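Geometric and topological summary
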Amino acid sequence: MKALIPIIRLLVIAAPWAMARGAALSVVVLLMGVALLGLSGWFITATGIAGLAGIGIAFDVFRPSAGVRFLALGRTAARYGERILTHDATLRALAALRVTLLRQQGRRDARALARLRSEAVLTRIVSDVDALDGVLLRLVLPGLAALITHALVFWALGWLAGWPVAWAVLGGYVPVAALIFWLLARRSIGPSDAVEAQGQALRRGVIDMIRDRAALILGAALGAREAQILQIDMQSRTAARTLDRAERDASAALSLLVAAVTGVALIVGGALVAKGAAGPAVAAIGVFVALALAETLLALRRGVAELGKMSGAARRIGTDAPPAPEPFDAPDLTGAPLLRIDTPAVQIQLDENAAVALTGPSGSGKTTLLMKIAGLANGDGITLLGERPDHWPDAALRAVVTMVPQRSALIAGTIRDNLTLATDADDTTLWRALSAVALDDVIAERGGLGARLSEGGAGLSGGQARRLTLARAILTAPRLLLLDEPTEGLDADTAERVLSGIRTALPDTAILAALHRGADHPIFDRSLRIDL
Amino acid sequence: MTSPDQDSNRNDRARAKARIIAPVAQQLHRASMLAVLAGLVWPVQAAALAWAIAGWVEGDIGRTLPAALIFVTGGALRAALDHRAGAHLFTAADRTIARERAALIGREARARADIGSAQIAALIVQKLPLLQPWITRYHVAMVRVSILPLVLLAAAFWVSWVAGLILLVAGPLIPVFMALVGMAAETASRRQMDEISTMNAMLMDRLSASLDIRLLGAGARTAADFTDRAEGLRIRTMAVLRVAFLSSTVLELFSAIGVAMVAVFVGFTLLGAISFGSWGTPLTLGQGVFILLITPEFFQPFRDLAAAWHDRAAGLSVVAELDTLDAVDRVSFVGQAEHAAPLPGPLTLNLTGAVAALPGRRVALPDFNFAAGEALALTGPSGAGKSTALAAIVGLIPLADGRVEVCGVHLSDATADTWRARIALIPQSPHFPDQPLHAWLSPDGTDPWPALKMAEADRIVRRLPEGLNTRLGETGGGVSGGEARRLMIARAILTGRDLILADEPTADLDPETAAQVIRALTRLQRDGRSLIVATHDPALIDALDRAIEVRP
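No experiment lies behind these values; they were computed from the predicted model shown.

1. Quick word on the overall build of chain A
Per the secondary structure count, chain A includes 18 helices and 10 strands. Relative to the globule expectation of 24 Å for 532 residues, the C-alpha radius of gyration of chain A, 34 Å, shows a markedly less compact shape. Principal axes of the C-alpha set define a box for chain A whose edges measure 110 × 60 × 45 Å. In chain A, which comprises 532 residues, the share counted as buried stands at 56%. Counted over contacts in chain A with a minimum sequence separation of 6, partners at least 24 positions apart contribute 82%.

2. Topic: the overall build of chain B
Of the regular secondary structure elements, chain B holds 17 helices and 12 strands. Its C-alpha radius of gyration of 35 Å places chain B more than 25% over the 24 Å reference for a compact globule of 552 residues. Taken along its principal axes, the extent of the C-alpha atoms in chain B is 110 × 60 × 55 Å. A total of 552 residues make up chain B; the buried ones form 50% of that total. Considering only contacts in chain B between residues 6 or more positions apart, those separated by 24 or more positions represent 80%.

3. Focus on the nonpolar core
Counting 364 residues, the largest nonpolar core has V169 and A471 of chain A together with L49 and L501 of chain B as the members making the most contacts within it. Among all residues touching L501 of chain B, those that are not within four sequence positions of it are L390, I393, V394, I423, L425, I426 and I532 of chain B.

4. Focus: helix α12 (residues 366–373) of chain A
Of all 8 residues that make up α12 of chain A, 7 are buried, and the element is covered over most of its length. Buried residues of α12 of chain A: K366, T367, L369, L370, M371, K372 and I373 of chain A, and no others.

5. Topic: the sheet that holds strand β5 (residues 401–404) of chain A
Residue and element names in this part refer to chain A. Taken together, the 5 strands give an open sheet; going across it, the order is β5-β8-β9-β3-β10, and neighbouring strands pair in parallel fashion. Each end of this open sheet is capped by a strand with a single partner; those strands are β5 and β10 (526–529). Strand-to-strand twist in this sheet, taken as the mean axis angle between neighbours without regard to direction, amounts to 15°. Pairing of strand β3 (residues 355–359) with strand β9 (residues 510–514), which is carried by 4 bridges, proceeds in the parallel orientation.

6. Some details on the sheet that holds strand β9 (residues 423–426) of chain B
Residues and elements named next belong to chain B. Pairing within the open sheet is parallel, and its 5 strands lie in the order β9-β10-β11-β6-β12. Two strands bound the open sheet, and with one partner strand each, they are β9 and β12 (546–549). Here the strands of the sheet are splayed against their neighbours by 20° on average, with no regard to which way each runs. Pairing geometry for strand β6 (residues 375–379) and strand β11 (residues 530–534), over 4 bridges, is parallel. Residue pairing for β11: L376 is matched across the bridge by I532. Along the sheet, helix α10 (residues 386–393) contacts β6, β10 (499–503) and β11; its crossing angle with β11, the most-contacted strand, is approximately 145°. Across the sheet, helix α16 (residues 511–526) is in contact with β6, β10 and β11; its angle to β11 comes to roughly 150°.

7. Side note on the environment of G518 of chain A
Residue and element names in this part refer to chain A. One can find G518 in the loop between β9 and β10. When the 21 C-beta atoms within 10 Å are taken as the criterion, G518 is described as buried. It is 9.1 Å that separates the C-alpha atoms of G518 and L499, two residues lying 19 residues apart in sequence. The residues contacting G518, other than those within four sequence positions of it, are T487, A495 and L499.

8. Looking at the pairing of β6 of chain B
All names here are of chain B. Most of β6 is tucked away: 5 of the 5 residues are buried. Residues of β6 alternate between two faces, with A375, A377 and T379 on one and L376 and L378 on the opposite face, all of them buried. With 4 bridges joining them, β6 and β12 adopt parallel strand pairing. Following the sheet pairing, A377 is matched in β12 by A547.

9. Thoughts on the environment of L104 of chain B
All names here are of chain B. Counting through the fold element by element, L104 comes out in helix α3 (residues 64–108). Separated by 17 residues in sequence, L104 and A121 place their C-alpha atoms 9.6 Å apart. Ignoring any residue separated from it by four or fewer positions in sequence, one finds L104 in contact with I120 and I124.

10. Quick look at the interface of chain A and chain B
In this complex, chain A contributes 119 residues to the contact, which on the side of chain B involves 123 residues. For the side of chain A that touches chain B, the class distribution of residues is 64 nonpolar, 28 polar and 27 charged.

11. Comments concerning unusual backbone geometry
Residues and elements named next belong to chain B. Within the chain, A337 stands out as a residue other than glycine whose phi angle is a positive 60°. Positionally, A337 belongs in the loop between β2 (330–332) and β3 (348–358). In the Ramachandran plot, E456 falls in the positive-phi region, its phi being about 55° despite a non-glycine side chain. Of note, E456 is situated in the loop between α13 (449–454) and α14 (458–463). On the basis of neighbour count, E456 is assigned to the partly exposed category, with 19 C-beta atoms found within 10 Å.

12. A closer look at the confidence of the model for chain B
Residue and element names in this part refer to chain B. Averaged over all residues, the pLDDT of chain B is 86; the fraction at 70 or higher stands at 92%. Here helix α6 (residues 161–208) stands out as the least confident element of chain B, with mean pLDDT 74; α3 is the most confident, with 95. Overall fold confidence for the complex sits at a pTM of 0.83, while the interface term, ipTM, reaches 0.85.

Reading the values: the criteria
- Residues numbered from 1 in each chain as written.
- Chains lettered and ligands numbered in written order.
- Predicted model: local features only at pLDDT ≥ 70, side-chain atom pairs only at ≥ 80, totals over all residues.
- Helix = DSSP H or I, 4+ residues; strand = E, 2+ residues; numbered from the N terminus.
- Rg over C-alpha atoms; globule rule 2.2 N^0.38 Å.
- Buried ≥ 20, exposed ≤ 12 C-beta atoms within 10 Å, placed from the backbone.
- Contact = placed C-beta atoms within 7 Å.
- Core = buried A, V, L, I, M, F, W, Y, C linked by C-beta atoms within 7 Å.
- Pairing = 2+ DSSP bridges.
- Axes fitted to C-alpha atoms, helices over the stretch in contact; angles between N-to-C directions.
- Nonpolar A, V, L, I, M, F, W, Y, C, P; charged D, E, K, R; others polar.
- pLDDT = per-residue confidence, 0-100.

Have a look at this one:
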């Protein structure tokens, strides 16, 4: 529950003005609905009395009947406006939620960032974000609108039909409805979170079963695995059944509440008429208003039932985020060497325009070393311009160091979008970078910088994608360039051209490259072997 | 005249109904009847209120209490009926989803189709539940709309033919608008779903590139760019929604005008300003209040149906997907994959004229004999059928022709399980299920360390932050390709089986890592196991006893 509060704040802050207007119109819609039924009821009763008394001619029919028409049309118009405004506000909030998430995730360490490649992790994040989409539209806005409406109706009823009726309606609705919603929340929070969690487990189970099929058949374990997955499905459906039951109970309780409050309003109204404290027409207002107020409650039910799912998602997304980085002092940049590594496995110093190849079997820690220099892992024994990389402020560090990781990713969009991910550059510069990695011909053939790549950069071969990420790194013109297997997936000839191209494009940059092949390329001053 | 397109749409709908709705028709019928009964309680409640209020005017206050009692009892009855109807509906939907899920879970791993596991998981987990609103909302709304408005219309006519006429005119116009609104609501909801899924795709895309974005220092720019795109998307979506919402407003407008006209007409009649519309005797106050109260309920079923309209569309599209999945070609394996005692006798394998049956094509396999203790390489260029040969040997793919003889018996449904009980397979692309490493390596709890040492994988496990308790998860995060292969070899050793099959165990590995894998494999042979390896790596072929070429 607590985890939801920062999310709500974030969503509201995303579009406070649109949200406020949407909420105001929601209240207007509810109020007009209540007023419409109240006025119609009063009008019919009052005309009935006037007709019986034979003073029909003297009765002012025009203002009330104009009021009925105004409310009927006005309510429809207000409903339209409400829909537009609340959807607009929700869409803004959705975008804000995703941007915040993107920022938070981006601050995590190398291991966590690499995990974001996993489809399971991504699917979970996205489904959590989806679960939070309903927070405003189904929980916050209807809840707020219902409360305000009840408060305003209370004052209006007290003034029009007398305080006993007003108290009967407010006192009947608000505390009991609050109790029903509280019970619903309590009963549904467990199962609605469980439905979500079991759904994830089911998804993983099915994927595991299909991908591990051969081993399961060989191990004679397929049947057992199927039974296990069916068991998860049964648990998830049992939770869904509990949730449905809680929701239906709440619905029944709410509709009984509406009937009861209306009944009470009828009795109180009758008593007022009997005492002569109010005319029948005025007393009838309370009955019709009590009936019309049902609308304020029903919209909230679904949102409350989803509370468990929402707060579970908020909790996972919230704990996923690392603490905001502390503000650092800018490091002292004077005099110190560009890069100095002094660890048990590696000792080396790198100055401007040096180039070193890092070799060794997989698993020897080449990638980890590069990640440490890039400030994404514990940087013990490493100094960059005299300061540990993981102690640098991120923005300052990125201005000095760029790294191309081994399994680097492209984004959906044009070639230009991909190249200018980090920096703006004119087309001439972009083409120069592409030609440095021997990719200019390929891109020209595919329609130039405006050619589109689909999700994850699909549309280019592995080697072409690799070279595009290298071109992207060249464009940031760093003082230190870290390359993890830059020539993987390239044939010997292209690999040779690409390495030379990078050196030519960045003559003053220090380069540290982890490679399996090509460590003897002339651009490298020396090579350094790491062993297990 | 109907176009062929409409006909096929209608056929699809009929098939979908037969598949999803027909099996639970009885449940749905019961729920609909309960929901209709609940709707019929309202006129009684309305009459009670009208009777009491008329009593106030006529000086008969004594009606108040009984009327309140009738009203509350009616409310309780309505709540109970709806509650009960909901229970039937939930059961109907639950049964349907359980049935379809069980069918998919029981089929998709047994008989593989060439469809990604993530796509099937999405269908099972996210899409099947979309059948629920179709089953629970649409059907009941349809039954209610065909009964309740007629009953209320009759009640209105019985009191006043003008009021009845107002409803009759406003009512039938609604179906006309409903088609429009149904379509518009569908557009609106689809548009919003599209917006969300586009934004989610963008989010996944950017999240999966997070490492690159961070290393390039492009975090702030990416966030700003995301905001811009989301803003553009919002503006376009709102343009569509403005129009789509407008048409659903028309439906509400009709019901609002209907209510206002009835109220005004009743008011004027009661005043005596209008003297027509009722049957002989003038309209009474009680009748007026009654008509006012039933009018909104007259329109309600139409609005419910309009709201449930796109539930049906969503349900139908799920059924279409299920139908497509039913129709794809599948490969099922030989045998039952049940526990069986290992096939007795010395290990032998003979292939004669074997042809593997894959969906839509046949793959001829080379003839060869293989005996216990041998280490054999199946070679050939990629796509020649090396993996298919391995799969056919273990009975993962049935034969179209020829025979595979194992330990002297024919490989068939009867013998496949016993034959497989002697084999371990090391697949090309490692997959780690979501379970701790020790459970994955040795489900029976044997000490994994000797096997890990033999596969040169002990250091890998020691280096993992949680050692044997690490969950490697879907992509094997935390281990490299070569490390994953060596873990797979350790797992094969731990099965204790005497024939080990490996599919391209050195693909995509650097020479040093490949050498480690080759050493681990040859160590297996020295340990007394037999080995069949599909590979085109010369270093690996050299390390084995002999090679047989698979030709496309």
